[in-house]
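Okay, here's what each chain looks like letter by letter:
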Amino acid sequence: MGVRDPVLQHSITPVLLLGGPVMETVADIEQRIERARRAFDELKGEMGRVIVGHAELIEQVFIALVCGGHCLLEGVPGLGKTLLVRSLGELLSLSFSRVQFTPDLMPADITGTHMLTDDPSGRKVFDFQRGPVFANIVLADEINRATPKTQSALLEAMQEQGVTVGGKLHRLENPFMVLATQNPIEMEGTYPLPEAQVDRFFFKLILQFPSHDELSRIADLTTAAPAAALREVLDAQRILEMRQWVREVPLADVVKDYAVRLILSTHPKPDSKNGGEALAQRFVLYGSSPRGLQSLILAAKARALLAGRPNVSFDDIRAMLLPSLRHRLILNLEADAEGIDSEKILHELVSQVAEVV
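Residues numbered from 1 in each chain as written. Predicted model: local features only at pLDDT ≥ 70, side-chain atom pairs only at ≥ 80, totals over all residues. Heavy atoms only, no water.

Caption draft 1: Spatial organisation of the pattern of salt bridges. Summed over the entire model, instances satisfying the criterion amount to 21 salt bridges. Residue Lys204 is joined to Glu74 by a salt bridge in which the shortest nitrogen-to-oxygen separation is 3.3 Å. Taken as a pair, Lys204 in strand E11 (residues 203-206) and Glu74 in strand E3 (residues 71-74) lie far apart in primary sequence, 130 residues in all. There is no split in this pair, since Lys204 and Glu74 are both buried. Close ionic contact of Arg261 with Asp257 constitutes a salt bridge, the shortest N to O distance being 2.8 Å. Here the residue Arg261 and the residue Asp257 both occupy positions in helix H10 (residues 253-265), the gap between them amounting to four residues, near one helical turn. (Salt bridge = Lys/Arg side-chain N within 4 Å of Asp/Glu carboxyl O. Helix = DSSP H or I, 4+ residues; strand = E, 2+ residues; numbered from the N terminus. Buried < 20%, exposed > 50% of the residue type's maximum accessible area, 1.4 Å probe, protein only.)

In structure tokens:
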């Protein structure tokens, strides 16, 4: 059995500030961790006033936000995806926009276009009219209903945080996050997302159907008097600050090695006839990309920070494995025939990959 929770070993940490390097004390680190934990607790408390259940989902969306990533949400209609995203924008004092993807949606409907207008002197000029992508949080509703050409309009925005129109680069607001949804039960008239685009999503999150008690609470919330306005918990500046804090969370070499071995175990080994990871060996065509490792480690750092812990544990890595990797495994036709999905394969890998070798 390996070490369960590697310990933060350094009492002071060098941090680069505008005036040059300074030494950050343990008290400073503890204060920063406490501020992050308290902010997240306040966000969960406020979100609970309008969102029933989905506690784990709320945590994972916020983790993606403070890591600078994007989320792909999958769930049947009516589970509160739009309400969750809109409420998150209100709580964080961020601008929010929603794009309903349809087969006739064009790239310019997302990015914006040049319009012919009059300048103050009366001359005709082309003025760039920004599209809905120019917001802090963008909800791409039913993204798989648009054509690949329109889907690709989001690629540059997600990767470079900017869009190029008419040969000119327009920078997006910071922080910027795309939350895209897709319906898993209605495939008619849809265009599956290319693997290269899916890989750019930090997390893929699954919305579960509510339980009996949760359905009862939903009925109470939505059929009674409207709830009071949500209280602002964080602003853009604090979120950007927390992004820096996430990257400064210590990661022990033994925990990093565990994460690397998990990523490598998702790849089938051509020279292995009966490897330990039997499902991956039989059903996986291509394993996780290096982006999967980046997502896994950053998410684990954020989880530790929001929980009020000073460093990443093995449990943080395991908790972030499914949302980080479930969309990054490309399975073969045999997996589809046998009813094997990526989650089953990842569960097996977690049970077979040792924490320490």
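Caption draft 2: Structural detail: the state of the cysteines. In the structure shown here, the tally under the stated rule is zero disulfides. Considering cysteine sulfurs only, Cys71 is the nearest to Cys67, which forms no disulfide, with 9.7 Å between them. In this structure Cys67 comes out as buried when scored by relative accessible area, which is 10%. (Disulfide = S-S within 2.5 Å.)

Caption draft 3: Quick look at the pairing of strand E10 (residues 177-182). The buried count for E10 comes to six of six residues, which makes it a mostly enclosed element. The pairing of E3 with E10 spans four bridges and is classified as parallel. For Cys71, the partnering residue across the bridge sits in E10 and is Leu179. Sheet topology places strand E7 (residues 137-141) next to E10; four bridges connect them, and they run parallel. Residue pairing for E10: Ile137 is matched across the bridge by Met177. (Pairing = 2+ DSSP bridges.)

Caption draft 4: Up close: the packing of aromatic side chains. Under the defined criterion, the tally for this structure stands at four aromatic pairs. With a centroid separation of 5.4 Å and an interplanar angle of 85°, the aromatic rings of Tyr258 and Phe314 are classed as edge-to-face. Note that Tyr258 is positioned in helix H10 and Phe314 in helix H13 (residues 314-319), a separation of 56 residues in sequence. Residues Tyr258 and Phe314 agree in their burial class; the two are buried. (Phe/Tyr/Trp six-rings, centres within 6.5 Å; stacked < 30°, edge-to-face > 60°.)

Honestly, it's all geometry; don't read function into it.
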